[in-house]
Amino acid sequence: MPSSLDEAILRVLPTERDAVPWLSTPEVHRRLEARGHRVGYTKKIQRHLTSLENGARVISTLNGRELLWQRKPWLHGLQEGVGLMSASEAVAFHILQRFAGNKLPDAVMRDIEPLFNAAEVRLSEEKADNRIYRAWPDKIASVDGAFTLIRPKIRADVFEAVATATFFERELIVQYRAAYRSQETNEPEPKILWPLALVESSGTMYLVAQDASATRRSERGEHDFPRRLYRLDRIRSVAESGNTFAYPADFKLNRYIEAEQAFDFLTEPPVRLELAFEGNAGNHLRESPMAKDQEVEPLSDGRLKVCGTVIPSLKLRWWLRSIGSAVEILGPESLRNEFAEDYLKLANRYRR
C-alpha cells in the first residue's frame, strides 16, 4: 500500500505522453512543495522514488550523472480517463467542477483536473448515450433567495493560501481589517490563526478560525476564546507561519453552523417568537417551519398566528423586515418594542 507521499509523488510525475516526460529528483521535490506538501529534504524523495521503482510504479533513466523519473501510465492521463469514464461519471465530475471547483484548494484541484478535462471530452463526444447527459448541466442552477449584491472579489492568492493552510492544518499569519475599521489607513496588526473551515454564505466566503495566541493562553488557564469568522475579501495579507497545529477535536462545522448559528450573526439567548401574518404572507411557514416546535393557528381577525422557539439574530431581523407590514410581532415584548421604534423612525423619515 503506497503512503500518502508516494501517492503525491505519483501525481506530479509525468508519463511518456507528457510534453516534459522526465523529471529530476529536485524538480519532483519542488513540485510537491508547490502543491503544499511538506516533504523535507530531497534525499527523502529519492528513497521513495527508488521504492516506487522497485514496486514497478515508476521508471528511471540517466541523463549524464542526473537521475530522471517517470511514472507508468494510469487513469491520471486524459486519454485513459476518457476511455474508462462513463457518461454518468462524466456529468458528475462536470457538476462538481461547476459548483465546487472554486472551493477546492490548489493541491486538490491539480490532482483531479485531468478528470475534469476527461469529463469535458467524454461529454463532447457524439455517442448515443451522450445527448441527455450533456444536456443535464444546462437543466440545473443554484439561485440565491435574497436580493443579489455585487460581492467584493477575493484575491486569488489569498484564497489559495487560506484554502491550502486549511487543508493541511497549518497556522496562518493574517492581517485582517474588520468592517468597522474600513476607513483606517494604518496597516492592521498581524495575528496568528488556526484555519478550521471555509464557508460560503450568501455569496460571501468566510474563514472559521481560532486565534493561536489566545489558544495558548487558554491552555495555561488564563482565558477561553471562541472561534471567529473572517471574511476573505477583508484579509489584507496572509502567509503561512511555518507551523502546523492539532485540529481541535471539539470543533464540528455542522454544529458550529446549525447549533451555534454562527452565520446568523449577533445571536442572543432563545426566545418564544409569536407572529401574526396577514393574507398569504405566512403560508410558506407551513412547509418550511421557522422552529422545530412551531405552532400554527388562525386568529379571529383572519390573520395567521405562528409561534416557535428561535434564536434572535441579525438574520432573523432581516427576515422579519423583508416581510414588511404583512407581519406583526406579538412577542417577545422586547423585540416588538425594538421593531416599533425602528418603524416609527422610518415613518418620520419618509414623512419628511
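Residues numbered from 1 in each chain as written. Predicted model: local features only at pLDDT ≥ 70, side-chain atom pairs only at ≥ 80, totals over all residues. Heavy atoms only, no water.

Teacher, can you tell me more about the environment of Asn102 here?
Here Asn102 shows up in the loop between α5 (87-100) and α6 (106-124). Note on Asn102: relative accessible area 47%, which makes it partly exposed. Along the chain, Asn102 and Glu160 lie 58 residues apart, while their C-alpha atoms are 10.0 Å from each other. (Helix = DSSP H or I, 4+ residues; strand = E, 2+ residues; numbered from the N terminus. Buried < 20%, exposed > 50% of the residue type's maximum accessible area, 1.4 Å probe, protein only.)

I would appreciate a short explanation of the nonpolar core in the present structure.
One recurring pattern in soluble globular proteins: nonpolar side chains tend to sit buried together. The biggest cluster of nonpolar side chains holds 17 residues, and the ones touching the most others in it are Val162, Val174, Ile235 and Val238. For this core, the elements supplying multiple residues, two or more each, are α8 (156-168), β4 (170-176), β6 (204-211) and β8 (235-244). If you tally residues by element for this core, the top one is α8, at five residues. Ranked by size, the runner-up nonpolar core spans 16 residues in total, among them Ala291, Val310, Val327 and Leu335. (Core = buried A, V, L, I, M, F, W, Y, C linked by side-chain atoms within 4.5 Å.)

Any chance you could explain the side chain of Gln175 here in plain terms?
In this fold, Gln175 is placed in strand β4. Among the residues examined, Gln175 registers a relative accessible area of 17% and is labelled buried. Separated by 2.6 Å, the side chains of Gln175 and Ser237 make a polar contact. Excluding its chain neighbours within four sequence positions, the residues that come into contact with Gln175 are Glu187, Pro188, Pro190, Arg234, Ile235, Arg236 and Ser237. (Polar contact = N/O pair within 3.5 Å; in protein donor to acceptor, adjacent residues only side chain to side chain. Contact = heavy atoms within 4.5 Å.)

Just checking my understanding: could you explain the UniProt feature "domain: WCX" (unreviewed entry) in the chain for this structure?
According to UniProt, the "domain: WCX" (unreviewed entry) feature falls on residues 269-342. Annotation note: span residues 269-342, helix share 32%, strand share 31%, distance between end C-alpha atoms 22 Å. (UniProt positions renumbered as here; feature names shortened; annotations may be inferred.)

Help me understand the pairing of strand β2 (residues 58-63), please; the structure alone is not making it clear to me.
Consecutive side chains of a regular strand alternate in pointing toward one face of the sheet and then the other. Examined bridge by bridge, β2 and strand β3 (residues 66-71) share six bridges and lie antiparallel to one another. Within the sheet, the bridge partner assigned to Thr61 lies in β3 and is Leu68. Connecting the antiparallel pair β2 and β3 is a turn made up of two residues, with Gly64 showing a positive phi of about 70°. (Pairing = 2+ DSSP bridges.)

Can you help me understand the sheet that holds β8 in this one?
Strand order in this open sheet of five strands is β7-β6-β5-β4-β8, and the pairing throughout is antiparallel. The outermost strands of the open sheet, each flanked by one partner alone, are β7 (228-231) and β8. Put simply, the sheet's adjacent strands are angled 50° from each other on average, direction ignored. With four bridges joining them, β4 and strand β5 (residues 190-201) adopt antiparallel strand pairing. Residue Ile173 lies in a different strand from β5, and its bridge partner there is Ile192. Contacts between α8 and the sheet are confined to β4, β5, β6 and β8, with β5 contributing the most and set at about 95° to the helix. (Axes fitted to C-alpha atoms, helices over the stretch in contact; angles between N-to-C directions.)

Would you take a moment to explain a nonpolar patch on the surface for this structure?
Nonpolar side chains collect at one region of the surface, where Tyr343, Leu346 and Tyr350 lie side by side and expose about 340 Å² of accessible area between them. Residue placement: Leu346 occurs in helix α13 (residues 333-351). (Patch = residues over 30% accessible without salt bridge, like charges linked within 9 Å, V, L, I, M, F, W, Y side chains within 5 Å. Areas by Shrake-Rupley, 256 points an atom, 1.4 Å probe, with all protein chains shown as cover. Salt bridge = Lys/Arg side-chain N within 4 Å of Asp/Glu carboxyl O.)

Can you help me understand the pattern of salt bridges in this one?
Charged atoms that come close allow side chains of opposite charge to pair. For the coordinates displayed, the defined rule picks out 17 salt bridges. With a closest N to O distance of 2.8 Å, Arg30 and Glu27 form a salt bridge. Here Glu27 and Arg30 lie together in helix α2 (residues 25-34), a separation of three residues that amounts to about one turn. Residue classification places Arg30 among the partly exposed positions, given a relative accessible area of 47%. The salt bridge involving Arg303 is made with Asp301; its shortest N-O contact spans 2.9 Å.

Help me understand the sheet that holds strand β12 (residues 327-331), please; the structure alone is not making it clear to me.
By way of backbone hydrogen bonds, the strands of a sheet pair with one another, either parallel or antiparallel. Reading across from one edge, β10-β11-β9-β12 is the order of the four strands in this open sheet, with antiparallel pairing throughout. A strand with exactly one partner marks an edge of an open sheet, and here the two such strands are β10 (295-298) and β12. Each neighbouring strand pair of the sheet contributes to a mean axis angle of 25°, computed without reference to strand direction. Taken together, the four bridges between β10 and strand β11 (residues 304-310) define a ladder with antiparallel strand orientation.

Please explain unusual backbone geometry as it appears in this structure.
Comment: phi is negative for the bulk of residues other than glycine, and the bulk of peptide bonds are trans. Here the residue pair Gly331 and Pro332 is connected by a cis peptide bond, since its omega of 5° sits within 30 degrees of zero. With phi around 60°, Glu169 is a residue other than glycine that occupies positive phi space. As for its placement among the helices and strands, Glu169 is situated in the loop between α8 and β4.

Hey, could you run me through the domain arrangement of the chain in this one?
Where interface size is quoted, it is often the accessible area lost as the parts come together. When its domains are assigned, the chain resolves into domain 1 (4-71), domain 2 (87-138), domain 3 (156-178 + 188-260) and domain 4 (271-351). Here domain 1 and domain 4 have C-alpha centroids that lie 63 Å from each other. (Domains from an automatic or database assignment.)

Looking at this model, I keep getting lost on the side chain of Asp233. Mind explaining?
Tracing the backbone shows Asp233 in the loop between β7 and β8. Residue contacts for Asp233: discarding those within four places in its chain leaves Pro152, Lys153, Ile154 and Thr204.

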